[in-house]
Amino acid sequence: MASEYHQTLWAHESPDCTARSFAPLSLFKRGYGSTVVDSEGMEYVDVCASFGSLALGHNHPEVKEAMVSYLQSDGLMQGMGDVYASVAKGELTADLVDFLPEKLCKVAYGLSGSDAVELACKTAMLASKKPGILAFKESYHGLHLGCMVITGLERFCKPFPRQWQQHPGVYHISFRSSVAEVVEVIRASQSSLAPIGQMIIEPIIGRFGVYPLAENYLIELYEALKDLGCVLIYDEVYTGFGRAGYATFAHHFPADVICLGKALGGGMAISCVAARAKIMDCWPVNRGEALHTGTFFGHPLSCTVARTTLQILLREQLIERSAQLGKEVLDWLQSHIIAPSLAHGCRGKGLFIAVDTGRKFGGVALAAYLKTAGVIAVPSGCYGEHLAITPALNIPRSLLWQALQKMREGLLDFSK
């Protein structure tokens, strides 16, 4: 059955959609907790959690109950969020503002991480009144047409017309650059037609290979940009809601705007931008036609699921668990994989971790091996050299260590 449906997808779906390189082919059908089941009934331990978006795993009982209850009560399935607000959006906003850093008290919603990034950049431009934006060239900020040129990884821009490969309003610098070098680029841009007024960063450079930025770097960067009158945006679509062991990085290291997504939705499509009041209030008051909106922004069912997810994360102290469990995983990797020289290195924060195989496409090969061993993980890095570990924050320890043991077996096999 799997091959039959894959043939249908290959015949009729864009060739850029479903991956064709992870043999043997599977069609995933069901999921519960940190287990996924394919169409043939085979079970897999999931340490990807849909790129970290399933903070509570698949089909958490309380999340399912919230969805069913909402539908059975004839809750709105479409709220016309930019015209008429829904109770669900109001409830989520109240909980979210309580959760967020005190100064980031104004929010707006989208559907995806790309939506959040584009809304954040537009918001920052309104505040700074400058068109230029600075980003790290190793960063990933989504693939909408506007986000694509901000995303620094060249392979995503290369197939498109040259005008979009090097947008005149977007500047890039390496995440390994000093704060002084960042300041120099911003100052140099002020005499150009597109002076920089905002900078967007991932506190952990994710898709490039999970590189956490130093804490003192984040503090110094904010202070330097503040002195320049430049808006600092944290792209926390991946790191937010406990993934990195923090509620958000912005709870500990100041920012002007943050982008949130993935884990917020509990599996539903919702994202959010939070900003300081003086920055978000640069948008004009909606008098009946919003300047930035989408039909499904603030979707009521998604808001209900997001609110339930946030409540569970806090009640079960999963943010704290992520921090502690992540340290244990890194210690285990160091002693069982790195010390025996089965891999080049490991790094991360919380349950956002990467293992560096030290060779091109090593992470791709390891992910394929794990698939045959009943573990779902995905490669990362510029050349697929890393393997990412981003499980649900409530993954049972037994399942997580089962997956880690399988990874060790794969690396042992590759070293022969």
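Everything numeric here is computed off the predicted structure, so don't read it as measured data.

Draft legend 1. Summary view of the nonpolar core. Counting 97 residues, the largest nonpolar core has Tyr234, Leu333 and Met407 as its most contacted members. Here this core gets 8 residues from one element, more than from any other, and that element is helix α12 (residues 318-338). Beyond its immediate stretch of four places on either side in the chain, Met407 contacts Leu333, Ile337, Val355, Leu366, Leu370, Leu387 and Ile389. Judged by nonpolar contacts, the second largest core, of 25 residues, contains Ala120, Ile200, Met280 and Trp283.

Draft legend 2. Quick peek at the pairing of strand β1 (residues 28-32). Here β1 runs beside strand β2 (residues 35-38); their pairing, made up of 4 bridges, is antiparallel. Note on β2: the bridge partner recorded for Tyr32 is Thr35. What sits between the antiparallel neighbours β1 and β2 is a turn of 2 residues, in which Gly33 has the positive phi angle 60°.

Draft legend 3. Summary view of the sheet that holds strand β17 (residues 386-389). Reading across from one edge, β13-β14-β17-β16 is the order of the 4 strands in this open sheet, with antiparallel pairing throughout. This sheet does not close on itself; its edge strands, each paired only once, are β13 (345-349) and β16 (378-380). Recorded for the sheet is a direction-independent mean angle of 30° between the axes of neighbouring strands.

Draft legend 4. Spotlight on a nonpolar patch on the surface. Residues Met80, Val83 and Tyr84 make up a contiguous nonpolar surface patch of roughly 320 Å² in combined accessible area. On the secondary structure map, Tyr84 appears in the loop between α3 (61-72) and α4 (87-99). Judged by its relative accessible area of 56%, Tyr84 is exposed.

Draft legend 5. Just the pairing of strand β3 (residues 43-46), in detail. Here β2 runs beside β3; their pairing, made up of 3 bridges, is antiparallel. Considered in β3, the bridge of Val36 is made with Tyr44. Here β2 folds back onto β3 in antiparallel fashion, the turn holding 4 residues, of which Gly41 has a positive phi close to 90°. Across 2 bridges, the pairing between β3 and strand β15 (residues 375-376) is parallel. From the neighbouring strand, Val45 faces β15, where its bridge partner is Val375.

Basis of the calculations
Residues numbered from 1 in each chain as written. Predicted model: local features only at pLDDT ≥ 70, side-chain atom pairs only at ≥ 80, totals over all residues. Heavy atoms only, no water. Core = buried A, V, L, I, M, F, W, Y, C linked by side-chain atoms within 4.5 Å. Buried < 20%, exposed > 50% of the residue type's maximum accessible area, 1.4 Å probe, protein only. Helix = DSSP H or I, 4+ residues; strand = E, 2+ residues; numbered from the N terminus. Contact = heavy atoms within 4.5 Å. Pairing = 2+ DSSP bridges. Axes fitted to C-alpha atoms, helices over the stretch in contact; angles between N-to-C directions. Patch = residues over 30% accessible without salt bridge, like charges linked within 9 Å, V, L, I, M, F, W, Y side chains within 5 Å. Areas by Shrake-Rupley, 256 points an atom, 1.4 Å probe, with all protein chains shown as cover. Salt bridge = Lys/Arg side-chain N within 4 Å of Asp/Glu carboxyl O.

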